[in-house]
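# Tertiary structure, described
One letter stands for each residue in the lines below.
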Amino acid sequence: MTHTIVTTFHAAGLAQYGQTMIDTFDQYWPRSVPLTVYAESCEPRVPSARITVIDLLAASPDLVWFKKTHANNPVAHGQIARDTSVPFRDNQFKWDAVRFSHKVFAVIHACTTIDTDWVIWLDADTKTFTSVPDTFLAEICDPAAMACYLGRREKYHSECGWVAYNRRHPDLRSFMDRWRDLYRTGDLFNLREYHDSFVFDVLRRDFQAQRRTRFHNLSPDLPGKGPGHPFIASRLGQYMDHMKGAKRKALGHSLPDDYDRNQGLNSSVPYWQQVFGR
């Protein structure tokens, strides 16, 4: 079974976290696993031949069209609510369709062009801190599932900093076509939120209900609301740190109080003992 890791970032992201993601991937991941980087207007340093850099805008005319079409649309940039034109005061990212469209179209391009059994999305604000075993991906990628993801119960959107897509699954192409069509038709703006994780969940639930498509949730089953930072609470957290949000990026690692959010999971890992101060 073959796997390709995929990510994207722009010039500012390259400087803040993207190069670290590439360098730590190359240092710690199995040599049999390649990385494809969809770079937007930047040129990352490539430490080895298994890392491929693709110009995102050149590869995805659909992305270029979407950005041009909505360049002056405040709704598509998470500035105002569609129905009321009232500015958003909190969590504007949830409606910033243009910002998250880069990730969506990189995923679609990768899943429809890269010929490996699995295409695995990994956010660029992730660093690998120890060696990933050769068997790890085969262990967590369920061959019966169309995708393996990090869920957060049903009341909150999934954590899509990691999603493994099964390119051999019969429903994958339809899933990607539906995702693209939401952007091409503008139906995206009929949803409650516009960011990639919310849209992924909308499609996931539709495919589960209409086609009985299998999706495998990698998040640990904790009581209550579940893990607050599911990426580092899952098996992924044994090898990687996802620095989602401005605070974690500024620190260069996750937050000490993520220990409580995740009810102490993975706290025996030496890296997390240092971060959590335990």
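Scroll up to find the structure.
These lines cover the structure that appears in this document, whether it is placed above or below. (Residues numbered from 1 in each chain as written. Predicted model: local features only at pLDDT ≥ 70, side-chain atom pairs only at ≥ 80, totals over all residues. Heavy atoms only, no water.)

## Remarks on the overall build of the protein chain
For the protein chain, the count of helices and strands is eleven helices and nine strands. The globule rule puts the C-alpha radius of gyration for 278 residues at 19 Å, and the 18 Å found for the protein chain is close to it. Projected onto its principal axes, the C-alpha positions of the protein chain cover 50 × 40 × 40 Å. Expressed as a percentage of its 278 residues, the buried residues of the protein chain come to 55%. Long-range contacts, defined as pairs at least 24 residues apart, comprise 68% of the intrachain contacts of the protein chain with a sequence gap of at least 6. Taken as two groups, the 34 positive and 31 negative side-chain charges of the protein chain have centres that lie 3 Å from each other. (Helix = DSSP H or I, 4+ residues; strand = E, 2+ residues; numbered from the N terminus. Rg over C-alpha atoms; globule rule 2.2 N^0.38 Å. Buried < 20%, exposed > 50% of the residue type's maximum accessible area, 1.4 Å probe, protein only. Contact = heavy atoms within 4.5 Å. Lys, Arg positive; Asp, Glu negative; His and termini not counted. Charge placed at Lys NZ, Arg CZ, Asp CG, Glu CD.)

## A word on the side chain of histidine 169
With respect to the helices, strands and loops of the structure, histidine 169 is situated in the loop between strand 7 (159-166) and helix 6 (172-185). Taking the relative accessible area as the measure of exposure, histidine 169 reaches 14% and is therefore buried. For histidine 169, the contacting residues outside a window of four places in its chain are Ala144, Ala145, Met146 and Thr213.

## Quick notes on the packing of aromatic side chains
For the structure shown, the criterion picks out 22 aromatic pairs. With a centroid separation of 6.5 Å and an interplanar angle of 65°, the aromatic rings of phenylalanine 93 and phenylalanine 100 are classed as edge-to-face. Judged by relative accessible area, which is 27%, phenylalanine 93 ranks as partly exposed. Judged by relative accessible area, which is 16%, phenylalanine 100 ranks as buried. For the pair tyrosine 165 and phenylalanine 200, a centre-to-centre distance of 6.4 Å together with 80° between the ring planes defines the contact as edge-to-face. (Phe/Tyr/Trp six-rings, centres within 6.5 Å; stacked < 30°, edge-to-face > 60°.)

## Digging into the packing of helix 3 (residues 61-69) against helix 4 (residues 97-113)
Running from N to C, helix 3 and helix 4 cross one another at 175°; their axes reach a closest spacing of 10 Å. Taken together, helix 3 and helix 4 sit at an angle that is classed as roughly antiparallel. Listed contacts from helix 4 to Asp62, Leu63, Phe66 and Lys67 of helix 3 are Ala97, Val98, Ser101, His102 and Phe105. Residue composition of the contact of helix 3 with helix 4, by class: five nonpolar, two polar and two charged. (Axes fitted to C-alpha atoms, helices over the stretch in contact; angles between N-to-C directions. Parallel < 35°, antiparallel > 145°, perpendicular 65-115°, else oblique. Nonpolar A, V, L, I, M, F, W, Y, C, P; charged D, E, K, R; others polar.)

## Let's talk about unusual backbone geometry
Its identity as a non-glycine residue notwithstanding, arginine 212 has a phi of 60°, on the positive side. With respect to the element layout, arginine 212 can be found in the loop between helix 7 (196-211) and strand 8 (215-217). One non-glycine residue, asparagine 266, adopts positive backbone phi at about 65°. Relative to the elements of secondary structure, asparagine 266 occurs in the loop between helix 10 (258-261) and helix 11 (270-276). Judged by its relative accessible area of 14%, asparagine 266 is buried.

## Describing the packing of helix 3 against helix 6
Where helix 3 meets helix 6, the axes come as close as 10 Å, and the angle between the chain directions of the two elements is 30°. On the basis of their axis angle, the class for helix 3 and helix 6 is roughly parallel. The two elements helix 3 and helix 6 cross, and the hand of that crossing is left-handed. Between helix 3, through Asp62, Trp65 and Phe66, and helix 6, the contact on the second element is made entirely by Arg180, Tyr183 and Arg184. Grouping the constituent residues of the contact of helix 3 with helix 6 by class yields three nonpolar, no polar and three charged. (Left-handed = near helix turned anticlockwise from the far one by under 90°.)

## Thoughts on the side chain of histidine 109
By the secondary structure assignment, histidine 109 is in helix 4. Among the polar contacts made by the side chain of histidine 109, one reaches the side chain of tyrosine 38 at a distance of 2.7 Å. Ignoring any residue separated from it by four or fewer positions in sequence, one finds histidine 109 in contact with Tyr38, Ala59 and Ile114. (Polar contact = N/O pair within 3.5 Å; in protein donor to acceptor, adjacent residues only side chain to side chain.)

## Examining helix 7
For helix 7, spanning 16 residues, the distance from its first C-alpha to its last is 21 Å, which sits close to the expected 22 Å at 1.5 Å a residue. Of the residues making up helix 7, those classed as buried are Asp196, Ser197, Phe198, Val199, Phe200, Asp201, Leu203, Arg204 and Phe207. Just past helix 7, the residue arginine 212 takes up positive phi, approximately 60°. (Expected span 1.5 Å × (residues − 1).)

## Comments concerning the nonpolar core
Core analysis: the largest hydrophobic core is formed by 43 residues, its most contacted members being Tyr165, Phe175, Met176, Trp179, Leu188 and Phe200. At the level of secondary structure, the elements contributing two or more residues to this core comprise helix 3, helix 4, strand 4 (118-122), strand 6 (147-150), strand 7, helix 6 and helix 7. When residues of this core are assigned to their parent elements, the largest contribution, nine residues, is made by helix 4. Those residues in contact with phenylalanine 200 that lie beyond four places of it in its chain are Tyr149, Cys160, Val163, Tyr165, Phe175, Trp179 and Phe215. Counting residues in each nonpolar core, the second largest holds 40 residues, with Leu35, Ile120, Val132 and Phe136 among its members. (Core = buried A, V, L, I, M, F, W, Y, C linked by side-chain atoms within 4.5 Å.)

## A few points about the state of the cysteines
This structure, assessed with the given rule, holds zero disulfides. Looking at cysteine 111, it has no disulfide partner, and the nearest cysteine sulfur is the one in cysteine 141, 12 Å off. Cysteine 148 forms no disulfide, and the closest cysteine sulfur to it belongs to cysteine 141, at a distance of 5.2 Å. (Disulfide = S-S within 2.5 Å.)

Don't take any of this as a statement about function, it's just geometry.
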